[in-house]
Amino acid sequence: MGEKNIRTTSGIEIRDVYSEPKTLEQPGEFPYTRGIQKDMYRGRMWTMRQYAGFSTAEESNKRYHYLLSQGTTGISVAFDLPTQIGYDSDHEMSEGEVGKVGVAIDSLKDMETLFEGIDLQKVTSSMTINATAPILLAMYISLARKQGADLTQISGTVQNDILKEYAARGTYIFPPQASMRLITDVFEYCSKEVPKWNTISISGYHIREAGSTAVQELAFTLANGKTYLQAAIDKGLDINVFAKRLSFFFNCHNNFFEEIAKFRAARRMWAEITKSLGATDSGAQKLRFHTQTGGSTLTAQQPLNNIIRVTNQAMAAVLGGTQSLHTNGYDEALSLPTEAAAKVALRTQQIIAFESGVADTVDPLAGSYFVEALTDEMEQAAWKYINIIDAKGGSVSAIEEGYIQNEIAGSAYKYQNDIESGERTLVGVNKYEDKDKEGIGPEVFRVDDSIRKVQIDKLNLLKAERSNAQVKVALENLAISAKSGSNIMPFILAAVEAYATLGEISDVLRNEFGEY
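Per chain, the residues get numbers from 1 upward, laid out in the order the sequence is written. Owing to the predicted nature of the model, reporting of local features is limited to residues with pLDDT of at least 70; listing and counting of side-chain atom pairs is limited to 80 or more, with chain, interface and lining totals taken over all residues. As a rule here, side-chain values cover all heavy atoms of the structure and leave hydrogens and water aside.

## What to know about the overall build of the protein
So the rule is basically this: Strands here mean DSSP runs of E at least two residues long; helices mean DSSP runs of H or I at least four residues long; both are numbered from the N terminus. Throughout, radius of gyration means the C-alpha value; the globule benchmark is 2.2 Å times the number of residues raised to the power 0.38. Using a 1.4 Å probe on the protein chains alone, a residue whose accessible area is under 20% of its type maximum counts as buried, one over 50% counts as exposed, and one in between counts as partly exposed. Whether two residues are in contact is decided by their heavy atoms, any of which lying within 4.5 Å being enough. For accessible areas, the Shrake-Rupley method is used with a probe of radius 1.4 Å. Any residue's cover is judged against the shown protein chains and nothing else. His residues and chain termini do not enter the charge count, which takes Lys and Arg as positive and Asp and Glu as negative. Throughout, a charge is located at the NZ atom of Lys, the CZ atom of Arg, the CG atom of Asp or the CD atom of Glu.
Along its length, the protein carries 20 helices and nine strands. For the protein, whose C-alpha radius of gyration is 23 Å, the value lies close to the compact-globule estimate of 24 Å for 516 residues. Its C-alpha atoms give the protein principal-axis dimensions of roughly 75 × 60 × 45 Å. Counting across all 516 residues of the protein, residues that qualify as buried make up 57%. When contacts within the protein are restricted to residue pairs at least 6 apart in sequence, those whose partners lie at least 24 apart make up 78%. Summed over its atoms, the accessible surface of the protein is roughly 20,600 Å², and 50% of this surface lies on carbon and sulfur atoms. When the 52 basic and 66 acidic side-chain charges of the protein are each reduced to a single mean position, those positions are 4 Å apart.

Below is the structure:
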């Protein structure tokens, strides 16, 4: 061993040299370490997404049409904070937040505008929404019906992962048990009515953004996934059916080989978890995942450096076998991405896909002494966390106890200390800084506060034009369903189609379930 002690960001020691790995299974074979398809990107390129949503539905619709014209192959919708936590734009809690970190959606009318001119049967849509996921999904399904789409053919993903909200992000509304009921109701409804829809995107992304290590992201995400599996099984659902529609959402940071090993270990571990819970269908054992490059790795200092960071992270995601990828704009440490930054981010994916050659063969790093050993070590470290969580009774208990939050907080604290002490180098931040900072920042994108008045005017018009008697009946039926324990999705759909607002529907559920 050399004199210098080198470790990954998760603390795994890097040896000077590695020995030949064990015999490898083939791609597309259990436990899918090398990829879930035999031909991977030779057969189908990953979906190239750009996460976008800001201001009003009209403005976001223009950005979606622009991105589709530039070659993006999937739409990823960002919602503003009031939408995420179940408040209409005219609610006092919405002041100052309408349209700021995503698009404001108050009703089915806004959803109709958001996707105007976009055929939902021809695109895949990903919606980053959790506490109000059943409501936004109902709006999407209602819009697809209006377009005359075959619901058995529309595809996409709703994040719908509330456990990581309690652990890392904070946009929850209801108590954990009520939230788990809503999630499993979505599983059940979609398995029958919208069978190609991914009913949950179990998210490690926000766990990592909150400050976890790569190993913690891997462990806590899979532990949450295991909890969702068990909740659905307890509801009487067939794991061989519903588990096929579960997907994952991982972060990708700068330590190139650690990230690749994380993705390879995740597939292997999920295959074992699903098998242990009774999955016999290969489709139910395969971990499919979307990747977003690391938002917290972007720097406001020397922002053009972020193009290199994003490229490095995107390449790791591809070599790790992602099914879908979003690349961040270089200016996102300063604001929402400008149109120019969004184009560079998309072109980064296209250059990797069509010029680099890394997509020409399956799992090109397989057999690397280093990558195989690191995959094993990442897996072993993650199982240790999962075993602790299992001993506490699963993710819900571990979150209620504060265990997962405390582990993330400890890692975030260490990371910040390492930057401030100089032990960890951030180019342009604590090393190689620019003395002259004039003129180095790009143009920033701002959302005007007047957006709230626009949304309030639309809400007032909607309430004047709709049948308020029909809305009243739909909301009363929703309350009865929430009390009875029947599947709630058909009643949310009926309320949405009567043009009840997101806030009105959320308030009914608040009254029945309480707030956490």
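## Details of the sheet that holds strand S7 (residues 246-252)
To keep things clear, this is the line we draw: Should DSSP find at least two bridges between two strands, the strands are taken to pair. Geometry is summarised by axes, namely lines fitted to C-alpha atoms with helices restricted to the contacting stretch, and by angles between N-to-C directions that run from 0 to 180 degrees.
Read across the sheet, nine strands follow the order S5-S4-S3-S2-S1-S9-S8-S7-S6 without closing on themselves; strand pairing throughout is parallel. The strands lining the two open edges of the sheet, one partner per strand, are strand S5 (197-198) and strand S6 (200-203). Direction of pairing for S6 relative to S7: parallel, over a ladder of four bridges. In the sheet register, Ile-202 faces S7, and the bridge partner there is Phe-248. Its contacts with the sheet place helix H4 (residues 133-146) against strand S3 (124-128), strand S4 (155-158) and S5, and it is angled at close to 155° to S3.

## Observations regarding unusual backbone geometry
Between Phe-30 and the following residue, Pro-31, the backbone shows a cis peptide bond with an omega angle of 5°. For Pro-31, the position within the fold is in the segment before strand S1 (47-52). Positive phi outside glycine occurs at Tyr-432, with the angle close to 60°.

## Remarks on the packing of aromatic side chains
The criterion, for reference: Stacked, tilted and edge-to-face are the three classes applied to pairs of Phe, Tyr and Trp rings, where Trp contributes its six-membered ring and a pair requires centres within 6.5 Å; stacked means planes under 30 degrees apart, edge-to-face means over 60, and tilted covers the rest.
Taken as a whole and assessed by the stated rule, the structure comprises 19 aromatic pairs. Summarising the aromatic geometry, the rings of Phe-187 and Phe-242 are spaced 5.9 Å apart at their centres and angled 10° between planes, so their arrangement reads as stacked. Of the two residues, Phe-187 is situated in helix H6 (residues 176-193) and Phe-242 in helix H9 (residues 239-242); the sequence distance between them amounts to 55 residues. Measuring from centroid to centroid gives 4.7 Å for Phe-248 and Trp-270, while their planes differ by 75°, and the two rings are edge-to-face.

## Some words on the environment of Thr-128
As for its placement among the helices and strands, Thr-128 is situated in strand S3. Relative accessible area serves as the criterion here: at 10%, Thr-128 is assigned to the buried category. C-alpha of Thr-128 to C-alpha of Val-158: the two residues are 30 residues apart in sequence and 6.4 Å apart in space.

## Some details on the environment of Ala-266
Within the element layout of this structure, Ala-266 appears in helix H10 (residues 256-276). Assessed through its relative accessible area of 0%, Ala-266 is described here as buried. In contact with Ala-266, other than residues within four places in its own chain, are Leu-218, Leu-222, Phe-250 and Leu-287.

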